[in-house]
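An overview of the molecular structure
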Amino acid sequence: MIKKIGVIGAGQMGTGISHVCSVAGFEVRLTDVSQAALDKGMETISNTMTRHIGRGWMTEADRDAALARVAPGLGMEQFGDCDLVIEAATEHEAVKRQILTEVCPHLTPECVVASNTSSISITRLGAVTDRPGKFIGMHFMNPVPRMKLVELIRGIATAEETYQLVRAVAETLDKTSVPSEDFPAFIVNRILMPMINEAVYTLYEGVGGVEAIDTAMRLGANHPMGPLELADFVGLDTVLAIMQVLYEGLADSKYRPCPLLVKYVEAGWLGRKTGRGFYDYTGETPVPTR
């Protein structure tokens, strides 16, 4: 029985996961590398819930009760009484491996560990823990409070009991789960990220400008958001990291990251979170940068 959930990372994904877990009635322990990051994360959770009140999705009492169930704190020691810990750090394998190595000694033997990785091998990540049978991929979609899907990825050592337990948690969170085999980028990003990368190539080769590409895909393919706008929302560094995992893991040239995507990331133009990507967000309305 899962009652208390630990979340490692108070960024975009970690705050969203904490949000939905607390709303569903779970006690949540949230950590990050600094108090400033935790404070910002808690502010994000509160602001999102307040917006949901305005849309009639929850009441003020619901928000206050949910926020009271989230306990932010520094250090891994606070996860000692958790039943499930979800790692939601940046999409870099070395960082995730370090976190998993650090947190496991503080957990009870029964505690299940999940990674919110969007592309990295669950088998490899599980191998650095002391509990590969109790390790699983639990990939939420962004923004977590709005998106219904959770990909569940079993590593080669993941026990069936672990899978069923985490699937039940996803149901409690009012999410729909799909099982995915442990191959680079799983299902959603195996399909989505090459499309975004191809949109960047279309821009790079001068086939169309930013606005033309996004308008074409919104109106021509009925996508709610154009691929370059979506890339800015996800974060260009995350898009690049996933494309690199695909390229290295599958050794197929069709997954080669577009040089323009690499250049934007090198420039620090990572999308909405830095105020500039394929669009400039410093004004009242986003303006294409190319």
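Model, not experiment: these values are computed from the prediction.

1. As for the overall build of the protein
A count of helices and strands for the protein gives 11 helices and 10 strands. A globule of 290 residues ought to have a C-alpha radius of gyration of about 19 Å, and the protein, at 19 Å, matches this closely. With the principal axes as the frame, the protein shows a C-alpha extent of 55 × 45 × 35 Å. The buried share of the protein, reckoned over its 290 residues, is 47%. The contacts in the protein between residues at least 6 apart in sequence include a share of 66% that link residues at least 24 apart. Just so you have it, the protein exposes about 13,400 Å², and 54% of that area is on carbon and sulfur atoms. The distance from the centre of the 27 positive side-chain charges to the centre of the 35 negative ones in the protein is 2 Å.

2. What about the UniProt feature "binding site: NAD(+)" (unreviewed entry) in the protein?
Feature annotation in UniProt assigns "binding site: NAD(+)" (unreviewed entry) to the following positions: Gly9, Ala10, Gly11, Gln12, Met13, Gly14, Asp32, Glu91, Lys96, Ser118, Asn142 and Lys273. Tracing the backbone shows glutamine 12 in helix 1 (residues 12-23). Apart from residues lying up to four places away in sequence, glutamine 12 is in contact with Asn142, Phe233 and Val234. Turning to its location among the elements, methionine 13 is positioned in helix 1.

3. With respect to the packing of aromatic side chains
As enumerated under the stated definition, the model contains four aromatic pairs in all. Here tyrosine 279 and tyrosine 281 contribute two aromatic rings whose centre-to-centre distance is 6.3 Å and whose plane-to-plane angle is 50°, an arrangement assigned as tilted. With respect to burial, tyrosine 279 and tyrosine 281 carry one shared label: buried. Members of the aromatic cluster, each reached through a chain of ring pairs, are Tyr264, Trp269 and Phe278. Just above the ring of tyrosine 163 sits the side chain of arginine 154; from NZ or CZ to the centre is 3.8 Å.

4. A closer look at the layout of surface pockets
By volume, the second largest pocket is sized at about 310 Å³. Lining the second largest pocket are 15 residues, and of these Val20, Val23, Pro145, Leu173 and Asp174 sit closest to its centre. In terms of residues, the lining of the second largest pocket owes the most to one element, helix 1, which gives three residues. The residue inventory of the lining of the second largest pocket, partitioned by class, reads eight nonpolar, three polar and four charged.

5. Here's the deal with the UniProt feature "domain: 3-hydroxyacyl-CoA dehydrogenase NAD binding" (unreviewed entry) in the protein
Under the present numbering, the feature "domain: 3-hydroxyacyl-CoA dehydrogenase NAD binding" (unreviewed entry) in UniProt falls on residues 4-182. Along residues 4-182, the helical share is 40% and the strand share 21%, with 27 Å between the first and last C-alpha atoms.

6. Concerning the side chain of aspartate 280
Checked against the element boundaries, aspartate 280 lands in strand 9 (residues 279-280). With a relative accessible area of 17%, aspartate 280 lands in the buried category. Looking at aspartate 280, its side chain comes within polar contact range of the side chain of threonine 282, at 2.5 Å. Look past the residues within four positions of aspartate 280 in its chain and what remains in contact with it is Gly275, Thr285, Pro286, Val287 and Thr289.

7. So, the packing of helix 1 against helix 2 (residues 35-54)
Helix-helix packing is described using two parameters, namely the angle between the two axes and the distance between the axes. At a minimum axis separation of 9 Å, helix 1 and helix 2 run at an interaxial angle of 55°. If you check the angle between helix 1 and helix 2, you find them oblique. The crossing of helix 1 and helix 2 is right-handed. In this structure, helix 1 uses Thr15, Ser18, His19, Ser22 and Val23 to contact helix 2, whose residues at the interface are Gly41, Thr44, Ile45, Thr48, Met49 and His52. Split into classes, the residues belonging to the contact of helix 1 with helix 2 amount to three nonpolar, eight polar and no charged.

8. Comments concerning the environment of glycine 80
Position of glycine 80 among the secondary structure elements: in the loop between strand 3 (70-72) and strand 4 (84-87). The exposure class of glycine 80 is partly exposed, given its relative accessible area of 27%. Sequence separation between glycine 80 and cysteine 111 is 31 residues, and the spatial gap between their C-alpha atoms is 8.9 Å. Ignoring any residue separated from it by four or fewer positions in sequence, one finds glycine 80 in contact with His106 and Thr108.

9. Some points on the nonpolar core
Residues Ile5, Met138 and Phe140 are the most contacted members of the largest nonpolar core, which totals 34 residues. Filtering out sequence-adjacent residues up to four positions away, isoleucine 5 remains in contact with Cys21, Phe26, Glu27, Val28, Arg29, Cys82, Leu84, Ile86 and Val169. With 27 residues, the next largest nonpolar core counts Met193, Ile213, Tyr264 and Tyr279 among its residues.

How each quantity is defined
Residues numbered from 1 in each chain as written. Predicted model: local features only at pLDDT ≥ 70, side-chain atom pairs only at ≥ 80, totals over all residues. Heavy atoms only, no water. Helix = DSSP H or I, 4+ residues; strand = E, 2+ residues; numbered from the N terminus. Rg over C-alpha atoms; globule rule 2.2 N^0.38 Å. Buried < 20%, exposed > 50% of the residue type's maximum accessible area, 1.4 Å probe, protein only. Contact = heavy atoms within 4.5 Å. Areas by Shrake-Rupley, 256 points an atom, 1.4 Å probe, with all protein chains shown as cover. Lys, Arg positive; Asp, Glu negative; His and termini not counted. Charge placed at Lys NZ, Arg CZ, Asp CG, Glu CD. UniProt positions renumbered as here; feature names shortened; annotations may be inferred. Phe/Tyr/Trp six-rings, centres within 6.5 Å; stacked < 30°, edge-to-face > 60°. Lys NZ or Arg CZ within 6 Å of the ring centre and 35° of its normal. 1 Å grid on protein atoms, 1.4 Å probe; cavity = no way out; pocket = protein on both sides within 12 Å on 5 of 7 lines; lining within 4 Å. Points joined across faces, edges and corners; volume = space filled by probe spheres on them. Nonpolar A, V, L, I, M, F, W, Y, C, P; charged D, E, K, R; others polar. Polar contact = N/O pair within 3.5 Å; in protein donor to acceptor, adjacent residues only side chain to side chain. Axes fitted to C-alpha atoms, helices over the stretch in contact; angles between N-to-C directions. Parallel < 35°, antiparallel > 145°, perpendicular 65-115°, else oblique. Left-handed = near helix turned anticlockwise from the far one by under 90°. Core = buried A, V, L, I, M, F, W, Y, C linked by side-chain atoms within 4.5 Å.

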